[in-house]
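Structural description and commentary
One letter stands for each residue in the lines below.
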Amino acid sequence: MTMDGLALAAFIILLCVMFYFQMTSPTFLLVSLEIPTVTTLLRGQFNYYFLTLSIAAAIGALALFVAGRPLIALEAAMIAAFAMFARRWFVRHMDAELHARDSGDTGAVRRLRRLHWAGMAIHAIPLAALLCSTRYLEILGP
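Residues numbered from 1 in each chain as written. Predicted model: local features only at pLDDT ≥ 70, side-chain atom pairs only at ≥ 80, totals over all residues. Heavy atoms only, no water.

Glancing now at the packing of helix H3 (residues 70–102) against helix H4 (residues 108–132). Viewed as axis vectors pointing N to C, H3 and H4 meet at an angle of 175°, and their least axial separation amounts to 10 Å. Between H3 and H4, the angle falls in the class roughly antiparallel. Packed against H3, whose contacting residues are Glu-75, Ile-79, Phe-82, Trp-89, Phe-90, His-93, Met-94, Glu-97, Leu-98, Ala-100 and Arg-101, the element H4 presents Ala-108, Val-109, Arg-111, Leu-112, Leu-115, Ala-118, Gly-119, Ile-122, Pro-126, Ala-129 and Leu-130 at the interface. Residue classes in the contact of H3 with H4 are distributed as 16 nonpolar, two polar and four charged. (Axes fitted to C-alpha atoms, helices over the stretch in contact; angles between N-to-C directions. Helix = DSSP H or I, 4+ residues; strand = E, 2+ residues; numbered from the N terminus. Parallel < 35°, antiparallel > 145°, perpendicular 65-115°, else oblique. Contact = heavy atoms within 4.5 Å. Nonpolar A, V, L, I, M, F, W, Y, C, P; charged D, E, K, R; others polar.)

Set out below in C-alpha cells:
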C-alpha cells in the first residue's frame, strides 16, 4: 500500500466510526429514557463509541503521521484525546443520572436527555473539524 493509500484508509476509517455515532445517536430521541433497558443501551453506546473512536483516532494518527500528513495526524491525535476525556466524563455523568433516576429523582430523566443532546452536539465538533480537513489530505486531487 502506498503512503497516500495508507493516509486515505486511516481517514476513511476514522470518518466511518464518527458517522456511525452521528447516525445512531438520534434514534434514542424517539424513546423514553425512563425505560432502564433504553438507558443501558444509551450508556453503552456512548461508552463503546468513545472507546472505539479513541482507538481508531490513535491508530489513524499514527498512520497519517507515517504517511507524511503531520497536520491531519495531529488532528486525529487531538480527536483521540478528546474521545478518552469524553468517555470518562459522559459515562460518569450518565451513571450519576441513572442512579438518581433509579432513586426516584424525577428530574433525572430530563438531565439524561440533556446529556444525550450535549453528547450529540459535542460530537459534531470533531466531526466537522475532520470533514473540513479533507482539503489538507491532498489525496483527493486539486
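Moving on, we get to the pattern of salt bridges. Applying the stated rule across the entire model yields four salt bridges. For the salt bridge of Arg-111 with Asp-105, the shortest nitrogen-to-oxygen distance reads 2.4 Å. Residue class for Asp-105 comes out partly exposed when judged on its relative accessible area of 32%. In the salt-bridge network here, residues are joined through shared partners; they are Glu-97, Asp-105 and Arg-111. (Salt bridge = Lys/Arg side-chain N within 4 Å of Asp/Glu carboxyl O. Buried < 20%, exposed > 50% of the residue type's maximum accessible area, 1.4 Å probe, protein only.)

Moving on: the state of the cysteines. In a disulfide, the sulfur atoms of two cysteines are covalently bonded to one another. Scanning all chains against the criterion turns up zero disulfides. There is no disulfide at Cys-16, and the cysteine sulfur nearest it, in Cys-132, is 18 Å away. (Disulfide = S-S within 2.5 Å.)

On the surface, a cluster of nonpolar side chains totalling about 290 Å² of accessible area is made up of Met-3, Leu-62 and Val-66. Structurally, Leu-62 is set in helix H2 (residues 36–66). (Patch = residues over 30% accessible without salt bridge, like charges linked within 9 Å, V, L, I, M, F, W, Y side chains within 5 Å. Areas by Shrake-Rupley, 256 points an atom, 1.4 Å probe, with all protein chains shown as cover.)

Next up on the list: the environment of Val-66. On the secondary structure map, Val-66 appears in helix H2. When the C-alpha positions of Val-66 and Leu-41 are compared, they lie 37 Å apart, and in sequence the two are 25 residues distant. Ignoring sequence-local partners within four residues, the contact set of Val-66 consists of Met-3 and Leu-6.

For the rest of this paragraph, the subject is the side chain of His-123. Mapped onto the elements of the fold, His-123 is located in helix H4. The residues touching His-123, leaving out its near neighbours within four places in the chain, are Met-18, Phe-21, Gln-22 and Tyr-49.

Between its first and last C-alpha, H2 extends 45 Å over 31 residues, near the 45 Å set by a 1.5 Å rise per residue. Positioned one or two residues after H2, Gly-68 has a phi angle of 85°, which is positive. (Expected span 1.5 Å × (residues − 1).)

On to the packing of H2 against H3. Between two packed helices, both the angle of their axes relative to each other and the distance between the axes serve to describe the pair. Running from N to C, H2 and H3 point in directions that differ by 165°, and their axes come no closer than 8 Å. What the angle tells us is that H2 and H3 run roughly antiparallel. For the element pair H2 and H3, the recorded crossing hand is left-handed. Here the contact of H2 with H3 is composed, by residue class, of 26 nonpolar, four polar and four charged. (Left-handed = near helix turned anticlockwise from the far one by under 90°.)

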